[in-house]
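Geometric and topological summary
Okay, here's what each chain looks like letter by letter:
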Amino acid sequence: MTAQKLDGTATLKTIKAELADRVEKLKAAGVTPGLGTVLVGDDPGSRWYVNAKHKDCAEIGIESIRVDLPGTSTQEEVEAEIGRLNADPACTGFLVQQPTGLDEFALLSRVAPEKDVDGLHPHNLGKLVLGEDGPLPCTPVGCIELLRRHGVEINGAEVVVVGRGLTVGRPLGLLLTRRSENATVTLCHTGTRDLAAHTRNADIVVAAAGVPGIITKDMVKPGAALLDVGVSRVDGKIAGDLADDVWDVAGWVSPNPGGVGPMTRAMLLSNIVLSAEQALERL
Ligand SMILES: Nc1nc2c(c(=O)[nH]1)N[C@@H](CN(C=O)c1ccc(C(=O)N[C@@H](CCC(=O)O)C(=O)O)cc1)CN2
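Here the structure is a predicted model, which means the values were calculated and not measured. (Residues numbered from 1 in each chain as written. Predicted model: local features only at pLDDT ≥ 70, side-chain atom pairs only at ≥ 80, totals over all residues.)

To continue, consider the UniProt feature "domain: Tetrahydrofolate dehydrogenase/cyclohydrolase catalytic" (unreviewed entry) in the chain. With numbering aligned to this structure, UniProt lists the feature "domain: Tetrahydrofolate dehydrogenase/cyclohydrolase catalytic" (unreviewed entry) at residues 6–118. Annotation note: span residues 6–118, helix share 50%, strand share 16%, distance between end C-alpha atoms 23 Å. (UniProt positions renumbered as here; feature names shortened; annotations may be inferred. Helix = DSSP H or I, 4+ residues; strand = E, 2+ residues; numbered from the N terminus.)

Have a look at this one:
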């Protein structure tokens, strides 16, 4: 058996086309969505992500405000830029590209919650815990959207999430256990004694450990859906958490690259449009 591809690149394209219509309506109503980004330092990966985000925005008519700061920037300097973006009416939503090497919780806390298009502000994470509406973190909601748009059943599924990080594992557990998703979630991490015992029972595995090839064929239930969120660099190339042989057993696999990464960008665009629509309602 060869698994079917959970194609993030194609899904990003579809979502862009859907959002372009909403951007046009916003502009006609007098609000131009504008994405602000704060990039600290010159990490080539982070620069690539920020460039890609602005390119996506340009394609669907969203304006860009770019703040690129040297790696020597202090916490206070970055916080001052965040303050400027909070006050800038042309910037309807913004994010601080991670990692910054600074106190990221403090940086995130400075972002005005209504401009938090990453959905990572403590206020918005609190809303997620409470089940209230708010911007959702892009990678976790991108995983769910990728499954949905490929017809993978989430309702009632046994899901194993590998990794308990704040940007993926933890919020994903919260999202999947909402009534609207209705999955049963096991959150595995470095303290999990027998990872394979959990993954072998799972209908869906989301691997966000950042350990290349940690999920192998023998750990997968036949027909399961596997999402690869891990990003490591091996010999200059992206290496995901899924070993190549999982394609022989699984029913669905998200490739890496080409799976969850583009979905992170799609959900960012969706959050930008939503925050501009909410800004219009407040006018
Ligand atoms: N403020 C944030 N920082 C970071 C986030 C985030 O959601 N918000 N997530 C990651 C990086 N990230 C977005 O910023 C991101 C990761 C991957 C991709 C992507 O499209 N990847 C491509 C391959 C890219 C390559 O060749 O290097 C793919 O998977 O096909 C986009 C965005 C950490 N920081």
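Looking now at the site of the ligand. Every one of the 18 residues lining the ligand counts as a neighbour, but Tyr49, Leu95, Gln98, Pro257 and Gly261 are closest to it. For the shell around the ligand, the secondary-structure elements that each account for two or more residues are helix H2 (44–59), strand E4 (93–96), helix H6 (138–149) and helix H9 (260–282). Partitioning the shell around the ligand into residue classes produces nine nonpolar, seven polar and two charged. Per-domain counts for the shell around the ligand show at least three residues from each of domain 1 (29–113) and domain 2 (138–260). (Near = placed C-beta within 6 Å. Nonpolar A, V, L, I, M, F, W, Y, C, P; charged D, E, K, R; others polar. Domains from an automatic or database assignment.)

Turning our attention to the nonpolar core. By size, the foremost hydrophobic cluster in this structure holds 77 residues, and its most contacted members are Cys143, Val205, Val206, Ala207, Leu226, Leu227 and Ala250. Element by element, the count of residues in this core is highest for H9, at 10 residues. Built from parts of two domains, this core gets at least three residues from each of domain 1 (29–113) and domain 2 (138–260). Once residues lying within four places of it in the same chain are set aside, the contact partners of alanine 250 are Ala3, Val220, Ala224, Ala225 and Leu226. (Core = buried A, V, L, I, M, F, W, Y, C linked by C-beta atoms within 7 Å. Buried ≥ 20, exposed ≤ 12 C-beta atoms within 10 Å, placed from the backbone. Contact = placed C-beta atoms within 7 Å.)

Turning to the domain arrangement of the chain, a few remarks are in order. As far as domains go, the chain holds domain 1 (29–113) and domain 2 (138–260). Spacing between the C-alpha centres of domain 1 and domain 2 amounts to 28 Å.

Further remarks concern the sheet that holds strand E3 (residues 63–69). In any sheet, the strands associate via hydrogen bonds between backbone groups, in a parallel or an antiparallel arrangement. In spatial order, the strands read E3-E2-E4; together these three strands make up an open sheet with parallel pairing. The two strands at the open ends of the sheet, each matched to only one other strand, are E3 and E4. When the angles between neighbouring strand axes are averaged without regard to direction, this sheet yields 15 degrees. Pairing of strand E2 (residues 34–40) with E3, which is carried by seven bridges, proceeds in the parallel orientation. Bridge pairing links leucine 39 to aspartate 68 in E3. Here H2 sits on the sheet in contact with E2 and E3, set at roughly 170 degrees to E2. (Pairing = 2+ DSSP bridges. Axes fitted to C-alpha atoms, helices over the stretch in contact; angles between N-to-C directions.)

Turning to H9, a few remarks are in order. End to end, H9 covers 33 Å across 23 residues, agreeing with the expected 33 Å (1.5 Å per residue, within 8%). Along H9, 17 of the 23 residues are buried, which leaves the element largely enclosed by surrounding structure. (Expected span 1.5 Å × (residues − 1).)

Below, the discussion takes up unusual backbone geometry. Trans is the common state for peptide bonds, and a negative phi is the common state for residues other than glycine. Of the consecutive residues glutamine 98 and proline 99, the connecting peptide bond is found in the cis state with omega at 0 degrees. Within the secondary structure layout, proline 99 lies in the loop between E4 and helix H4 (104–110). The omega torsion across asparagine 256 and proline 257 is 10 degrees, close enough to zero to call that bond cis. Residue aspartate 235 is not a glycine yet carries a positive backbone phi of 50 degrees.

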